[in-house]
Amino acid sequence: MISSPRRPLARRSTRALGGAALAAVLVLAPVTAFAADAPATATSSPAPATATSSPAPTTAVPQLSAPASSSVPTAVDAMTYVVNAAPGAVTTDAASAAVVAAGGTVLARWDEIGVVTARSTAADFVDRVRASSAVGSAGPTRTAAVRTAAGADPRDDAGSVPAPTVGVQSTGLAERVTDVADPAEERGWNDQAVHAAEARAVQPGSRDVLVGVLDSGIDATHPDLASQVDPAASVGCSVDGVADSDPAAWAPSPDAATSTREHGTHVAGVIAAADDGRGVVGVAPGVRLASVKVVDANGFIYPEYAICGYMWAAQQQMDVTNASLFVDPWAAWCSADPDQAPALEAVARAVAWSQHEGVLDVAAAGNAATGAVAVDLAHKTTDSLSPNDSTPQSGRDVSQGCAQLPAEVDGVVTVSSAQQGTGGSIEKSRFSNYGAGVVDLTAPGSAVLSTVPGGGFAALSGTSMAAPHVAGVAALLASVHPDATPAQLRDLLTRQAGGETPAEYFGAGMVDAFAAVTEDLSLGPVVVAPDGTLRAGAAATLRGTGFVPGETVRAEGDAFDESTSTVADERGRVQLPVRLSPGTPPGPSTFAVVGSSGASAVVDVEVQEALAGPVVTSPSGGARVPSGQDVVVEGTSIDSARVTVTVEPAAEVLASTRAVAAAAVSTTVRAQQDGTFSATFFGLAEGDWHVSAVTRTVDDVVSATGPVVLFAVDPLPAPAPDDESGVPVGPGAAPAGQGSTSPAPGARPGGTVLDAGASGRRIAAEPARASSDALAWTGSEPGPVALAALLIVVFGVVGVGVGRRRPVDDGR
């Protein structure tokens, strides 16, 4: 494993995203409104202090006069603040004392990073605390005062005003696509795109790995999540940024807007929903989840909430965190603004400390505002949507030294959203922000199906849905590389990604779950089927790695109806199309995949039973068809499927008076929307026949052969003695002789099929309809014979007509 060098924030080009309540903050909806028409060179925010056991003092933020963009409240309403000092217990003690001396109350303190959060009603609090020699920087965490109803507990989801009338909650892009009934773990495109099912066949994730979901809370009663959430590792941080481990504190707020309430549960399902045969299954169903609630009931995530969340992740020694959000109220926090810079630094310190303690942090890149184009975060210019907890400032310059939190903090893996393109390609989701040097990876974020509170499922869209795919893959990497550092895990993620271009959209490309559990582990060739299963008769693609680049690879075994070869790519990866014969028995099976260089892999699969074949309903078993009549085969299959119907002789069949070997005949028809089908065969010789059918569905699944039905084609009556004409001698008798077993082109007598009666008893056939085509040959006979034939035609047709109107007398 190779550790990637630590990138300075400047190289990432400070990124920004407008924030709003976690409806937006949750990056589930559009949240940015940066102008992208005037690219500017981005400069860095101050690098976060590296947290160690004995850190160097932090340089204080320059005390500049507040620019027009600052919003320090002048009212005496309560306000929350972040106060930064040098990391360490002594310096944090001193900063806490300064808070009290300035008329404030300490809400929380983190000695490891030298950060104190406070609340005060004093109008001059920030000026007084900044004057302390123990304080490096201090500033408000919001622009709207903390208000509570008279007599209400100020710690009851306090700290935020009602949801804003601007930003995501009023202009949210997305995108609740639909609610879905139990999908029974049907594999969606998002699962296929990251090769999650193939990864699960190798390693579903270790229970030793813990993923923190920094979000709006997780519904731990959901059937797909109840076994996945670790209550002891979960916490609520959305009240004053103070850690509260009571289960109610980390559950979704019942009075929150739907977009906020369901967001965390949806994200959690993408990461690690249980693989239990119902609902959905996450990328890494074997790992544990921790609910780290950092979103209040109004949908906001303020800096003190985020700081609490990241510090909790460090304390609990989590392996991975996912933040499908960004920190309110500023779309981008600017280092040159003395009121924004302190929170920017405090959050960056908390993120850096989590990484110092072994946590890999993943964050969403954000979405474009409704009606706006997606934002190039590497060349952002202005912001007109923030602050989102008070009156937004139009045209605020965010081109230099301004960063989105937490996505632009050094070391964080930032994720854009992709959707399915044509021909197996991927495309950037229309709403996804992007930026060269900003986006590290991409993952599916359009119409992703996952869990929502109350035991349900819904498809949502946003970079919020893309980031947890990456967090899940990171958890798989942590499972197979338990000693890897966050930097090493990040390097593996980007090195193993798909490499799709352009990099400004996709970073290193689509994240790859299968590569995470098979590559960089010295395993040699590995080949698997999705989820370790193959269905007999169904087309499938085996995925493999570890082969010699350029070698030809194929599957070996008698069970394959179709097995094409493929060539290993430059990384030794293969995708091998196969199809097991529909007749392959269900149960465990083993076969080999072999490369032309001699490399090979043994593949163990569980074979699932083939799709049941079509049912032929007519002719029924034992039916008898008059010779010369069409045989109409009818039955039931699947809506719009192709059905191949085959009739073949059960033994030697008769043609006129001699036995001949007849060949099987097949035809393919399309089933109707109700699943019924009909196929017509004509010219079948006399004798016993079998009929059967096979379905090929619209998604290319070939069924087993349906039940075989036996029927017979009866011989024609023999001509009357001394009657050389071959004309039928009895009223309504079928014609014999030339043209009787193979109708002339265009002549298609009715498809009469007669069922056998009681055992040993044959039901008489209805008279066959005579036709001028069938008797045309009589015109060459001598006059008397021709006249007789004409009379037979005239009276025979009448007889046939009468016969067809008269029901068969079963008693005769």
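Residues numbered from 1 in each chain as written. Predicted model: local features only at pLDDT ≥ 70, side-chain atom pairs only at ≥ 80, totals over all residues. Heavy atoms only, no water.

**Observations regarding the overall build of the chain**
Looking only at helices and strands, one finds 17 helices and 38 strands in the chain. Expressed as a percentage of the 812 residues in the chain, the buried residues total 54%. Taking the contacts inside the chain whose residues are at least 6 apart along the sequence as the reference set, 75% of them involve residues at least 24 apart. With an accessible surface of roughly 31800 Å², the chain has 53% of that area assigned to carbon and sulfur atoms. (Helix = DSSP H or I, 4+ residues; strand = E, 2+ residues; numbered from the N terminus. Buried < 20%, exposed > 50% of the residue type's maximum accessible area, 1.4 Å probe, protein only. Contact = heavy atoms within 4.5 Å. Areas by Shrake-Rupley, 256 points an atom, 1.4 Å probe, with all protein chains shown as cover.)

**Concerning the pairing of strand S22 (residues 539-545)**
Within S22, five of the seven residues are buried, which leaves it mostly tucked inside the rest of the structure. Alignment of strand S20 (residues 526-528) against S22, held across three bridges, turns out to be antiparallel. If you follow Val-528 over to S22, its bridge partner there is Arg-543. Pairing of S22 with strand S26 (residues 574-580) involves six bridges; the strand directions are antiparallel. Of the residues in S26, the one forming a bridge with Ala-540 is Val-578. (Pairing = 2+ DSSP bridges.)

**Things to note about helix H9 (residues 263-272)**
In terms of burial, H9 is largely enclosed, as 10 of its 10 residues are buried. Every buried residue of H9 is listed here: His-263, Gly-264, Thr-265, His-266, Val-267, Ala-268, Gly-269, Val-270, Ile-271 and Ala-272.

**Details of the packing of aromatic side chains**
A complete count under the given rule lists six aromatic pairs for this structure. Ring geometry for Tyr-302 versus Tyr-305: centroids 5.9 Å apart, planes at 75°, classification edge-to-face. Here the two residues Tyr-302 and Tyr-305 agree in accessibility, since each one is buried. Summarising the aromatic geometry, the rings of Phe-560 and Phe-591 are spaced 4.9 Å apart at their centres and angled 90° between planes, so their arrangement reads as edge-to-face. (Phe/Tyr/Trp six-rings, centres within 6.5 Å; stacked < 30°, edge-to-face > 60°.)

**Description of the state of the cysteines**
Simply put, the disulfide is a covalent bond whose two ends are the sulfur atoms of two cysteines. Taken as a whole, this structure holds two disulfides when the rule is applied. The side chain of Cys-237 participates in a disulfide bridge whose partner is Cys-308; the two sulfur atoms lie 2.1 Å from each other. The sign of the S-S torsion, about -60°, decides the handedness of the disulfide formed by Cys-237 and Cys-308: left-handed. Here Cys-237 is found in the loop between strand S7 (235-236) and helix H7 (247-250), whereas its partner Cys-308 is found in helix H10 (residues 303-315), with 71 residues between them in sequence. As far as the burial class goes, Cys-237 and Cys-308 line up, both buried. Between Cys-334 and Cys-402 runs a disulfide, and the two sulfur atoms are separated by 2.0 Å. Taking the sign of the S-S torsion, about 110° here, the bridge from Cys-334 to Cys-402 comes out right-handed. Here Cys-402 lies in strand S14 (residues 402-403) and Cys-334 lies in strand S10 (residues 333-334), a separation of 68 residues in the sequence. (Disulfide = S-S within 2.5 Å.)

**Quick notes on the pairing of strand S4 (residues 137-140)**
Of the two faces of S4, the one holding Ser-137 and Gly-139 and the one holding Ala-138 and Pro-140 are both buried throughout. As paired elements, strand S1 (residues 79-84) and S4 share four bridges and run antiparallel to each other. Paired with Tyr-81 across the bridge in S4 is Pro-140.

**Topic: the sheet that holds strand S2 (residues 104-110)**
Pairing is antiparallel across the open sheet formed by four strands, whose spatial order is S2-S3-S1-S4. Where the open sheet ends on each side, the last strands, each with one partner, are S2 and S4. Here the average twist between neighbouring strands, direction ignored, is 20°. Against the sheet, helix H2 (residues 89-101) makes contact with S1, S2 and strand S3 (115-120), and its axis sits at roughly 160° relative to S2, the strand it touches most. Contacts between H10 and the sheet are confined to S1, S2 and S3, with S2 contributing the most and set at about 30° to the helix. (Axes fitted to C-alpha atoms, helices over the stretch in contact; angles between N-to-C directions.)

**Points about unusual backbone geometry**
The omega torsion across Ser-386 and Pro-387 is 5°, close enough to zero to call that bond cis. Here Pro-387 is to be found in the loop between strand S12 (382-383) and strand S13 (396-397). Positive phi outside glycine occurs at Asp-531, with the angle close to 60°. Note that Asp-531 resides in the loop between S20 and strand S21 (533-535). For Asp-531, a relative accessible area of 37% puts it in the partly exposed group. At Ser-640, a position not held by glycine, the phi torsion is positive, near 65°. Assignment of secondary structure puts Ser-640 in the loop between strand S31 (631-636) and strand S32 (642-649).

**Structural notes on the sheet that holds strand S25 (residues 566-567)**
In spatial order, the strands read S21-S28-S27-S23-S25; together these five strands make up an open sheet with mixed pairing. The open sheet has two edge strands, S21 and S25, and neither has a second partner. As paired strands, strand S23 (residues 552-556) and strand S27 (residues 587-595) are joined by four bridges and run antiparallel to one another. Looking across to S27, one finds that Ala-555 is bridged to Val-593.

**Describing the nonpolar core**
Core analysis: the biggest nonpolar cluster contains 54 residues, and Leu-289, Val-470 and Leu-493 have the highest contact counts within it. The dominant element in this core, judged by the number of residues it contributes, is helix H12 (residues 463-480), at 11 residues. Setting aside residues no more than four positions away along its own chain, Leu-289 makes contact with Leu-210, Val-211, Val-213, Leu-225, Gln-228, Val-229, Asp-230, Ala-268, Ile-271 and Ala-272. Judged by nonpolar contacts, the second largest core, of 47 residues, contains Cys-237, Cys-308, Ala-343 and Ala-403. (Core = buried A, V, L, I, M, F, W, Y, C linked by side-chain atoms within 4.5 Å.)

**Digging into the layout of surface pockets**
Of the volumes computed, that of the largest pocket is approximately 1500 Å³. Every residue lining the largest pocket is counted, 40 residues in all, and those nearest its centre are Arg-187, Gln-192, Glu-198, Pro-530 and Thr-541. Those elements that place two or more of their residues in the lining of the largest pocket are helix H5 (189-193), helix H6 (196-202), S21, S22 and S26. The element that contributes the greatest number of residues to the lining of the largest pocket is S22, accounting for four residues. (1 Å grid on protein atoms, 1.4 Å probe; cavity = no way out; pocket = protein on both sides within 12 Å on 5 of 7 lines; lining within 4 Å. Points joined across faces, edges and corners; volume = space filled by probe spheres on them.)

**Considering the pattern of salt bridges**
Throughout the structure, instances matching the rule amount to 23 salt bridges. With a closest N to O distance of 2.9 Å, Asp-111 and Arg-109 form a salt bridge. Residue Asp-111 is classed as partly exposed on the basis of its relative accessible area of 26%. Taken together, the shared-partner salt bridges connect Arg-187, Asp-191, Glu-198, Arg-200 and Asp-531 into one network. (Salt bridge = Lys/Arg side-chain N within 4 Å of Asp/Glu carboxyl O.)

**Some details on the environment of Val-631**
In this structure, Val-631 sits in strand S31. Here the alpha-carbon distance between Val-631 and Phe-711, two residues 80 residues apart in the chain, equals 10.0 Å. Ignoring any residue separated from it by four or fewer positions in sequence, one finds Val-631 in contact with Val-625, Ala-679, Thr-680, Phe-681, Leu-684 and Phe-711.

**Description of the packing of H10 against helix H11 (residues 341-356)**
How two helices sit against one another is set out by the angle between their axes and by the gap between those axes. Direction vectors running N to C along H10 and H11 enclose 15°, while the axes themselves pass 8 Å from each other. By the angle class used here, H10 and H11 are roughly parallel. Note that H10 runs across H11; the crossing there is left-handed. Note on element contacts: H11 touches H10 through Ala-343, Ala-346, Val-347, Ala-350, Val-351, Trp-353 and Ser-354, opposite Pro-303, Ile-307, Tyr-310, Met-311 and Ala-314. Broken down by class, the residue content of the contact of H10 with H11 amounts to 11 nonpolar, one polar and no charged. (Parallel < 35°, antiparallel > 145°, perpendicular 65-115°, else oblique. Left-handed = near helix turned anticlockwise from the far one by under 90°. Nonpolar A, V, L, I, M, F, W, Y, C, P; charged D, E, K, R; others polar.)

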